[in-house]
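Residue-level structural notes
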Amino acid sequence: MVLTRGWWPAAAALVVCAAPVCAQSNLQLWGNLTLDWMKSSRLAYELDIEPKVLLAAPEGDPGWHNLDLTPNVEYAWRPWLDLVGEAAVGYTKQTDDVNSWEVTPRAGARVHLFSRDVPTVMPDRPVKGELPPRRRVVVRDLVRVEARNIVYTGAGRGTSSTVRFRNRLELLAPLNRERLSDDGVRYVIADWEWFVPLG
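Our subject in this report is the structure included herewith. Since the structure is predicted, the reported quantities are computational estimates derived from the model, not experimental observations. (Residues numbered from 1 in each chain as written. Predicted model: local features only at pLDDT ≥ 70, side-chain atom pairs only at ≥ 80, totals over all residues. Heavy atoms only, no water.)

Overview of the overall build of the protein
Rules: Secondary structure elements follow DSSP: runs of H or I no shorter than four residues count as helices, runs of E no shorter than two count as strands, and numbering proceeds from the N terminus. Here the term buried applies to any residue with accessible area under 20% of the maximum for its type, exposed to any over 50%, and partly exposed to those in between, with areas from a 1.4 Å probe on protein chains only. In what follows, a contact means two residues having at least one pair of non-hydrogen atoms within 4.5 Å. To measure how exposed things are, a 1.4 Å probe is used in the Shrake-Rupley method; for residues, cover is taken only from the protein chains shown.
Secondary structure assignment for the protein yields one helix and nine strands. The order of helices and strands in the protein, counted from the N terminus, is α-β-β-β-β-β-β-β-β-β. Of all 199 residues assigned to the protein, the portion counted as buried reaches 26%. Restricting to contacts in the protein with at least 6 residues of sequence separation, those with at least 24 account for 53%. If you sum the accessible surface of the protein, you get close to 13,500 Å²; carbon and sulfur atoms cover 61% of it.

Examining the side chain of Asp48
Quick reminder of the rule: We treat Lys and Arg as the positive residues and Asp and Glu as the negative residues; His and chain ends play no part in the count. A pairing counts as a salt bridge when a side-chain nitrogen of Lys or Arg comes within 4 Å of a carboxyl oxygen of Asp or Glu. N or O atoms within 3.5 Å of each other form a polar contact, as long as, within protein, one can give a hydrogen and the other can take it, and as long as residues adjacent in sequence are counted only when both atoms are side-chain atoms.
Along the polypeptide, Asp48 turns up in strand β3 (residues 43-56). Buried and unpaired, Asp48 has Arg106 as its nearest opposite-charge partner, separated by 7.4 Å. A polar side-chain atom of Asp48 sits 2.8 Å from a polar atom in the side chain of Thr34. With sequence-adjacent residues up to four places away left out, Asp48 is seen in contact with Asn32, Leu33, Thr34, Asp68, Leu69 and Thr70.

Looking at the environment of Arg136
Within the fold, Arg136 resides in the loop between β6 (98-112) and β7 (138-154). When neighbours within four sequence positions are excluded, Arg136 is seen to be in contact with Leu172, Pro174, Leu175, Arg177 and Glu178.

Structural notes on the pairing of strand β5 (residues 81-94)
What counts is decided by this rule: Should DSSP find at least two bridges between two strands, the strands are taken to pair.
Pairing between strand β4 (residues 64-78) and β5: twelve bridges, direction antiparallel. Residue pairing for β5: Arg78 is matched across the bridge by Leu81. As consecutive antiparallel partners, β4 and β5 are separated by two residues. Between the antiparallel neighbours β5 and β6 lie three residues, among them Asp97 with a positive phi of about 65 degrees.

Focus on the environment of Leu55
Counting through the fold element by element, Leu55 comes out in strand β3. When its relative accessible area of 52% is taken as the criterion, Leu55 is described as exposed. Taking the C-alpha atoms as reference, Leu55 lies 5.4 Å from Gln28; in sequence the two are 27 residues apart. The contact partners of Leu55, leaving out residues within four places of it in the chain, are Leu27, Gln28 and Leu29.

Looking at the side chain of Glu102
With respect to the helices, strands and loops of the structure, Glu102 is situated in strand β6. Within the local environment of Glu102, its side chain forms a polar contact with the side chain of Arg148, the two groups lying 2.9 Å apart. Not counting the four nearest positions on each side in its chain, Glu102 is found in contact with Ala88, Val89, Gly90, Arg148, Asn149 and Ile150.

So, in structure tokens, the structure goes:
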């Protein structure tokens, strides 16, 4: 059906005046601190610290808080491809006496959809720092397989394990420098990720 000009105000009113969803919502606060160590032009280490807490929940739902630590290693195997290995370790404290520990090893690759410049390297003086992007805005895709293992303690003892495929499309843009690899750069990142259980 083709909408004429007269239909647009009515369609906009329907969108704006749509009935609110009846489901109750909750309020969560997530933090993230990432520490990076560049060992060479191809090798980097990272530690990701991610605390989370439930601030408000529907009546009767348990509250919780969580801390995840994720050490990571990345190796630039090709100018357009990084190999990635990491292991997330997390603890969740829930107020209904069910707590959990999680260990999730992951392996995968990050594809730089627009290839990076390869720095000139003198034979006796390797270049420190990451391979610089060829363009100001960077688009890349992170593909991983993970084995998620959870051990429950307290009133709900037990374990669970799942293997899943993850794919995250990332867009990065520097704010105060020309390129993401420049010293002192501040940047914004937007990403979209989906998960597919395997098996």
